[in-house]
Amino acid sequence: MTRRKLIAGNWKMHKTTAQAIQFANELLSRGAVGSAKTEVCLCVPSVHLYALAGIFEGSGVKLGAQNVYYEDEGAYTGEISCGMLAGAGAGYVIVGHSERRALFAETDDIINKKLLAVCSSPLNPILCVGENLEQREAGAERQAVGDQLEAALRDIGVRGVQRLTVAYEPLWAIGTGKTALPGQAREMCAFIRSKIESLYDGHAADRMRCIYGGSVDPVTAHDIVSGADVDGALVGGASLKPDVFFDIVNSVSNHT
Ligand code: 13P
């Protein structure tokens, strides 16, 4: 089947609400964002979701969050549930970003619980996996990514996995300006798809999306996203400027 490409921005902890609104208006003033073949989503700090949902309504630009808690509600000070995110305008949520794993002690077990909660909510999960430099240099990238996938997907049913986007983000490429070679991205996305096939079935593997993240910019985006197994990109730093993000979306949607 032909999967729709996904260009997702991850703003991380950047922008005030006023700056986010300015970004949204500037992005939309450039013309249509995305196309029938290319879906566009911005994963923003959750406090901006409601304001941006009003601005992006009808534009085709979707919104996502960068984190979620797995309980529905209760005494969990500071946490936000799937239902709250969906109600504020999110359609996607990133789960298991390497920064959350490294800086906020998110374990495979916590990531699995979050993914289970997201899969039984209206949100679509973007699960991040990726090896570190040491693992890449030891030729252990498949083992590392395969282990992360197995742990995160424990007890996730086939219906959940069909809605899944896996973002392959090698740690050595995040925020370093060192993009993976298109061949490396293709090879790992193909591996991730084969792993999904072995854990589920060919149909699920065919439906799920696998995107690449790590220093994607308007120059590298097209080559990285070309090829059958790479279904898009998760863009960090280069998603913060409307003109740069617009160029990335166009460089992919004009060539697919
Ligand atoms: P950069 O594009 O800034 O390298 O960030 C990648 C990333 O972590 C996206 O989630």
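The following paragraphs examine the structure supplied in this document. (Residues numbered from 1 in each chain as written. Predicted model: local features only at pLDDT ≥ 70, side-chain atom pairs only at ≥ 80, totals over all residues. Heavy atoms only, no water.)

**Examining the pairing of strand β3 (residues 61–65)**
Right, on to step 1. Most of β3 is tucked away, with four of its five residues classed as buried.
Right, on to step 2. The pairing of strand β2 (residues 38–43) with β3 spans four bridges and is classified as parallel. Bridge pairing links leucine 42 to leucine 63 in β3.
Right, on to step 3. Regarding topology, helix α2 (residues 49–56) serves as the crossover connection from β2 to the parallel β3, and that connection is right-handed.
Right, on to step 4. For β3 and strand β4 (residues 92–95), the ladder comprises two bridges, and the chain directions are parallel. Residue pairing across strands places alanine 65 opposite valine 93, the latter belonging to β4.
Right, on to step 5. Running through helix α3 (residues 82–88), the crossover from β3 to the neighbouring parallel element β4 is right-handed. (Buried < 20%, exposed > 50% of the residue type's maximum accessible area, 1.4 Å probe, protein only. Helix = DSSP H or I, 4+ residues; strand = E, 2+ residues; numbered from the N terminus. Pairing = 2+ DSSP bridges. Right-handed = clockwise from strand over helix to strand, strands pointing away.)

**Some remarks on helix α7 (residues 141–152)**
Right, on to step 1. For α7, built from twelve residues, the straight-helix expectation of 16 Å at 1.5 Å per residue is met to within 8% by its first-to-last C-alpha distance of 17 Å.
Right, on to step 2. Within the span of α7, buried status applies to Glu141, Ala144, Val145, Gly146, Gln148, Leu149, Ala151 and Ala152.
Right, on to step 3. Looking at the buried positions of α7, the neighbouring elements they touch are α4 (98–103), α5 (108–119), β5 (124–129), α6 (133–137), β6 (165–168) and α9 (182–199). (Expected span 1.5 Å × (residues − 1). Contact = heavy atoms within 4.5 Å.)

**A short note on the site of the ligand**
Right, on to step 1. Around the ligand, the surrounding shell consists of Asn10, Lys12, His97, Glu169, Ala173, Ile174, Gly175, Gly214, Ser215, Leu234, Gly236 and Gly237.
Right, on to step 2. Taking glutamate 169, its side chain carries an N or O atom lying 2.9 Å from an oxygen atom of the ligand.
Right, on to step 3. One nitrogen or oxygen atom from the main chain of glycine 175 is found 2.6 Å from an oxygen atom belonging to the ligand.
Right, on to step 4. When the ligand is considered free in solution it has 310 Å² of accessible area, and contact with the protein chains removes 94% of it.
Right, on to step 5. In the shell around the ligand, the residues fall into three nonpolar, seven polar and two charged. (Near = heavy atom within 4 Å. Polar contact = N/O pair within 3.5 Å; in protein donor to acceptor, adjacent residues only side chain to side chain. Areas by Shrake-Rupley, 256 points an atom, 1.4 Å probe, with all protein chains shown as cover. Nonpolar A, V, L, I, M, F, W, Y, C, P; charged D, E, K, R; others polar.)

**Notes on the packing of aromatic side chains**
Right, on to step 1. All chains considered together, the criterion is met by four aromatic pairs.
Right, on to step 2. Between tryptophan 11 and phenylalanine 23, the aromatic rings sit 4.8 Å apart at their centres with planes inclined by 75°, giving edge-to-face as the arrangement. In this pair, tryptophan 11 sits in the loop between β1 (5–10) and α1 (17–29) while phenylalanine 23 sits in helix α1, placing the two residues twelve residues apart along the sequence.
Right, on to step 3. According to the relative accessible area criterion, tryptophan 11 is buried, its value standing at 1%.
Right, on to step 4. Here phenylalanine 23 falls in the buried class, since its relative accessible area comes to 2%.
Right, on to step 5. Geometry around tryptophan 11 places lysine 15 over its ring, the cationic atom sitting 5.3 Å from the centre.
Right, on to step 6. Above the plane of the ring of phenylalanine 104 lies arginine 100, whose end atom (NZ or CZ) is 4.4 Å from the centre. (Phe/Tyr/Trp six-rings, centres within 6.5 Å; stacked < 30°, edge-to-face > 60°. Lys NZ or Arg CZ within 6 Å of the ring centre and 35° of its normal.)

**A few points about the environment of serine 81**
Right, on to step 1. With respect to the helices and strands, serine 81 occurs in the loop between β3 and α3.
Right, on to step 2. It is 23 Å that separates the C-alpha atoms of serine 81 and leucine 234, two residues lying 153 residues apart in sequence.
Right, on to step 3. Not counting residues within four places of it along the chain, the set of residues in contact with serine 81 comprises Val68, Tyr69, Glu71 and Asp72.

**Details of the sheet that holds β4**
The pairing of strands in a sheet comes from backbone hydrogen bonds and takes either a parallel or an antiparallel form.
Right, on to step 1. Here we have eight strands rolled up into a closed barrel, ordered β1-β2-β3-β4-β5-β6-β7-β8, and parallel in their pairing. Between one strand axis and the next, the sheet turns by 25° as a mean value, whatever way the strands run.
Right, on to step 2. Relative to strand β8 (residues 232–235), β1 is paired through four bridges, and the arrangement is parallel. Its bridge partner lying in β8, isoleucine 7 is registered against alanine 233.
Right, on to step 3. Against the sheet, α5 engages β4 and β5, with an angle of about 160° to β5. (Axes fitted to C-alpha atoms, helices over the stretch in contact; angles between N-to-C directions.)

**Remarks on the nonpolar core**
Right, on to step 1. If you look at the biggest cluster of nonpolar residues, it comprises 68 residues, and the most contacted ones within it are Leu42, Ile192 and Tyr212.
Right, on to step 2. Ranked by residues supplied to this core, first place goes to α9 with six residues.
Right, on to step 3. Residue contacts for tyrosine 212: discarding those within four places in its chain leaves Tyr168, Pro170, Ala173, Thr179, Ala180, Ala185, Ile224, Val230, Gly232, Ala233 and Leu234.
Right, on to step 4. Counting residues in hydrophobic clusters, the runner-up holds eleven residues, among them Leu6, Ile94, Ile126 and Leu234. (Core = buried A, V, L, I, M, F, W, Y, C linked by side-chain atoms within 4.5 Å.)

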